[in-house]
Amino acid sequence: MIEPLPQQRLCATLLFGAALVSVPLADSQAAGPLPAGTEKSAAGFYHPGVLVNRAQLDFVKAKVAAGAEPWKSAYEAAKADAGGSLTYVAKPWKTCECGPYSKPDLGCKDEQHDSEAAYTQALLWYISGNKTYAQNAINIMDAWANTLTGGHKFANGPVQAAWCGEQWPRAAEIIRYTYTNWPAADVAKFQTMLLTQYVPSLTNGSCENGNKELSMSEALINIGVFNDDRKIFDAGVKMWRGRTPAYIYLTTDGPTPRKAAGCDDMPIWSNKGLTTPFVDGLLQESVRDSQHPALAFAAMVNAAETARQQGLDLYAEEGKRIMAAMEFQAQYLPPNNAKPPANVSFNLHPTWEIAYNHFHNRLGVSLPKMAAVLPGNRPTGVNHDMAWETLTHAEVGAVGLPPVTAQ
């Protein structure tokens, strides 16, 4: 187990079950020279720095080479996935037309699969050293950059842009800063695609269910980093700060949850008239199903993780909510066996690793219910914004993180 950072600050008292515990909400990584392989741009961004950094990738690569678990099994799962095929071929579209319930689905699932595959191939390239994976990732990204000109249409167009806008920069960041054969002109064309075909669908946010806006916030943060665009990054941070407090309930909010910033109406916490009591850690879409809260939670945490890779500690701002949500869900997942509340179902999803690594491995917070769940959930796979979390974040602690700076 990786030791938590020795310096901790901003402690708060949380109520988990019946026990009051004092926990650190922020880390204070000491300033120092950049880790080997990390660059800092003129705009102040650390590269690679979308979800993962270079030292972190080196840590995972060494664990896989040593056959250590859970990284070895997670790596093998990524290799075996369709998106990890050495013969993967992209299916780009000029326009993605995405309706509710995939009606219509004109390019939408192809785009989703290709963006996931690009990230998978990028990870496999770095861990294995096989250049075929790197070239596959480039071929996928170039195919879309040379084809997509009509943006994202219909009701699910904005969230489709968000889901893929979360993944593309993860892949692009790894390839650009660890592989030498992606021409600068093609990098620039890919950046232009992100700016013109994705950002316009994201910047207005969404006052519908919170999973959409949280994915939009992550996509903007990720695109901002890869494009070295502080304005886009800051827009994503603002959106995250406006939506996160409205997505996870704490009793300190009062008798009802908060509204999302900029939205007149309360998001829907029920499902066809069914409700459940408001308790610490309840997520806005918990009564809807189990997948949408998982997508929202992952986007929330992924955005905070990329921000932390850039020296901005969003975790510290909403750590009480994030940890409450983790322990709330975990108590109903195996091997835990608490009786679920009325009208709420719980299932395993390929997430929670990144949040657990931050709060437990970096900060030393005990999260016993989630600690019990994770071994049976490993290795995690890929589903929209939830992608290969065991491989990238299991037990990595604070490897490669820059110091926290005021932003």
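Residues numbered from 1 in each chain as written. Predicted model: local features only at pLDDT ≥ 70, side-chain atom pairs only at ≥ 80, totals over all residues. Heavy atoms only, no water.

Draft legend 1. Just the nonpolar core, in detail. Core analysis: the biggest nonpolar cluster contains 109 residues, and Met141, Trp168, Ile175, Phe190 and Leu391 have the highest contact counts within it. Per-element accounting of this core gives the leading share, 10 residues, to helix α3 (residues 108-128). Once residues lying within four places of it in the same chain are set aside, the contact partners of leucine 391 are Val60, Val64, Trp71, Ala74, Tyr75, Ala78, Leu123 and Ile127. (Core = buried A, V, L, I, M, F, W, Y, C linked by side-chain atoms within 4.5 Å. Buried < 20%, exposed > 50% of the residue type's maximum accessible area, 1.4 Å probe, protein only. Helix = DSSP H or I, 4+ residues; strand = E, 2+ residues; numbered from the N terminus. Contact = heavy atoms within 4.5 Å.)

Draft legend 2. Layout of the sheet that holds strand β5 (residues 96-98). Strand order in the open sheet formed by 3 strands is β6-β5-β7, and the pairing between neighbours is mixed. In this open sheet, the two edge strands, each paired with only one partner strand, are β6 (105-106) and β7 (152-153). Note: β5 against β7, 2 bridges, orientation parallel. Along β7, the bridge assignment pairs glutamate 97 with lysine 153. (Pairing = 2+ DSSP bridges.)

Draft legend 3. Expanded view of the pattern of salt bridges. A complete count under the given rule lists 13 salt bridges for this structure. Arginine 362 is paired through a salt bridge with glutamate 305; the nearest N and O atoms lie 2.7 Å apart. Remark: glutamate 305 occurs in helix α9 (residues 291-309) and arginine 362 occurs in helix α11 (residues 353-362); sequence separation between them is 57 residues. Here arginine 362 falls in the buried class, since its relative accessible area comes to 1%. Here glutamate 395 ties to arginine 378 by a salt bridge, and the two come within 3.5 Å at their closest N and O atoms. Of this pair, glutamate 395 sits in the segment after α13 (389-393) while arginine 378 sits in the loop between α12 (368-377) and β8 (382-383), and the two are 17 residues apart along the sequence. Three or more residues joined by partner-sharing salt bridges are found here, namely Asp253, Arg258, Glu318 and Arg321. (Salt bridge = Lys/Arg side-chain N within 4 Å of Asp/Glu carboxyl O.)

Draft legend 4. Local environment of the confidence of the model for the protein chain. Considering every residue of the protein chain, the mean pLDDT works out to 93; 92% of them sit at 70 or more. Within the model, pLDDT remains below 50 along residues 1-13, and this stretch shows 47 contacts once partners closer than five positions in the same chain are excluded. Confidence over residues 15-22 falls short of pLDDT 50; this stretch has 16 contacts with residues more than four positions distant or in other chains. (pLDDT = per-residue confidence, 0-100.)

Draft legend 5. A look at the packing of aromatic side chains. In total, this model carries 14 aromatic pairs according to the counting rule given. Look at tryptophan 144 and tryptophan 168: their rings are 6.2 Å apart centre to centre, the planes differ by 55 degrees, and that puts the pair in the tilted class. Here tryptophan 144 is found in helix α4 (residues 131-145), whereas its partner tryptophan 168 is found in helix α5 (residues 157-178), with 24 residues between them in sequence. Of the two residues, tryptophan 144 and tryptophan 168, neither departs from the other in class, the shared state being buried. When the ring of phenylalanine 328 is compared with that of phenylalanine 346, the centres are 5.7 Å apart and the planes differ by 70 degrees; the resulting orientation is edge-to-face. Within this pair, whereas phenylalanine 328 is found in helix α10 (residues 314-330), its partner phenylalanine 346 is found in the loop between α10 and α11, the two being separated by 18 residues in sequence. With relative accessibility at 3%, the residue phenylalanine 328 sits in the buried group. Joined through ring pairs, the aromatic side chains of Trp144, Trp168, Trp182, Phe190 and Phe226 make up one cluster. Stacked on the ring of tyrosine 126, the Lys or Arg lysine 61 has its end atom at 5.4 Å from the ring centre. A cation sits over an aromatic face here: arginine 170 above tyrosine 119, 5.4 Å from the ring centre. (Phe/Tyr/Trp six-rings, centres within 6.5 Å; stacked < 30°, edge-to-face > 60°. Lys NZ or Arg CZ within 6 Å of the ring centre and 35° of its normal.)

Draft legend 6. View of the side chain of glutamate 166. In this structure, glutamate 166 sits in helix α5. For the buried glutamate 166, which has no salt bridge, the nearest side chain bearing the opposite charge is arginine 170, at an N-O separation of 4.9 Å. One polar contact links glutamate 166 to serine 215, side chain to side chain, over a distance of 3.2 Å. The residues touching glutamate 166, leaving out its near neighbours within four places in the chain, are Ser215, Glu218, Ala219, Asn222, Ala299 and Asp385. (Lys, Arg positive; Asp, Glu negative; His and termini not counted. Polar contact = N/O pair within 3.5 Å; in protein donor to acceptor, adjacent residues only side chain to side chain.)

Draft legend 7. Molecular detail of the side chain of arginine 243. Mapped onto the secondary structure, arginine 243 falls in helix α8 (residues 230-247). The buried category is assigned to arginine 243, whose relative accessible area is 0%. Engagement of the side chain of arginine 243 in a polar contact is seen with the backbone oxygen of serine 206, the distance being 2.7 Å. Here arginine 243 is in contact with Ser206, Cys207, Glu208, Gly210, Glu213, Leu214, Ala260, Cys263, Pro267 and Gln284, once residues within four sequence places are set aside.

Draft legend 8. View of α12. Looking at α12, one finds that the buried residues are Met370, Val373, Leu374 and Asn377. All buried residues of α12 lie within an arc of 110 degrees about the axis, which places them on one face of the element. Facing away from the buried side of α12, by more than 90 degrees, are the exposed residues Pro375 and Gly376. Turning to α12, the residues buried within the fold contact α10 and α11. (Arc of directions from axis to C-beta.)

Draft legend 9. Inspection of the environment of alanine 338 at higher detail. Within the element layout of this structure, alanine 338 appears in the loop between α10 and α11. The exposure class assigned to alanine 338 is partly exposed, which follows from its relative accessible area of 31%.

Draft legend 10. Just the state of the cysteines, in detail. Under the defined criterion, the tally for this structure stands at 2 disulfides. Bridging cysteine 207 to cysteine 263, the disulfide has an S-S length of 2.1 Å. Taking the torsion about the S-S bond as the criterion, the cysteine 207 to cysteine 263 disulfide, at about -90 degrees, is left-handed. Remark: cysteine 263 occurs in the loop between α8 and α9 and cysteine 207 occurs in the loop between α6 (184-202) and α7 (210-226); sequence separation between them is 56 residues. Across the protein chain, the way the bonded cysteines pair up, counted in sequence order, is 1-2, 3-4. Of all cysteine sulfurs in the structure, the one in cysteine 96 sits closest to cysteine 164, which takes part in no disulfide; the separation is 6.9 Å. Cysteine 164 gets classed as buried once you look at its relative accessible area, which sits at 0%. (Disulfide = S-S within 2.5 Å.)

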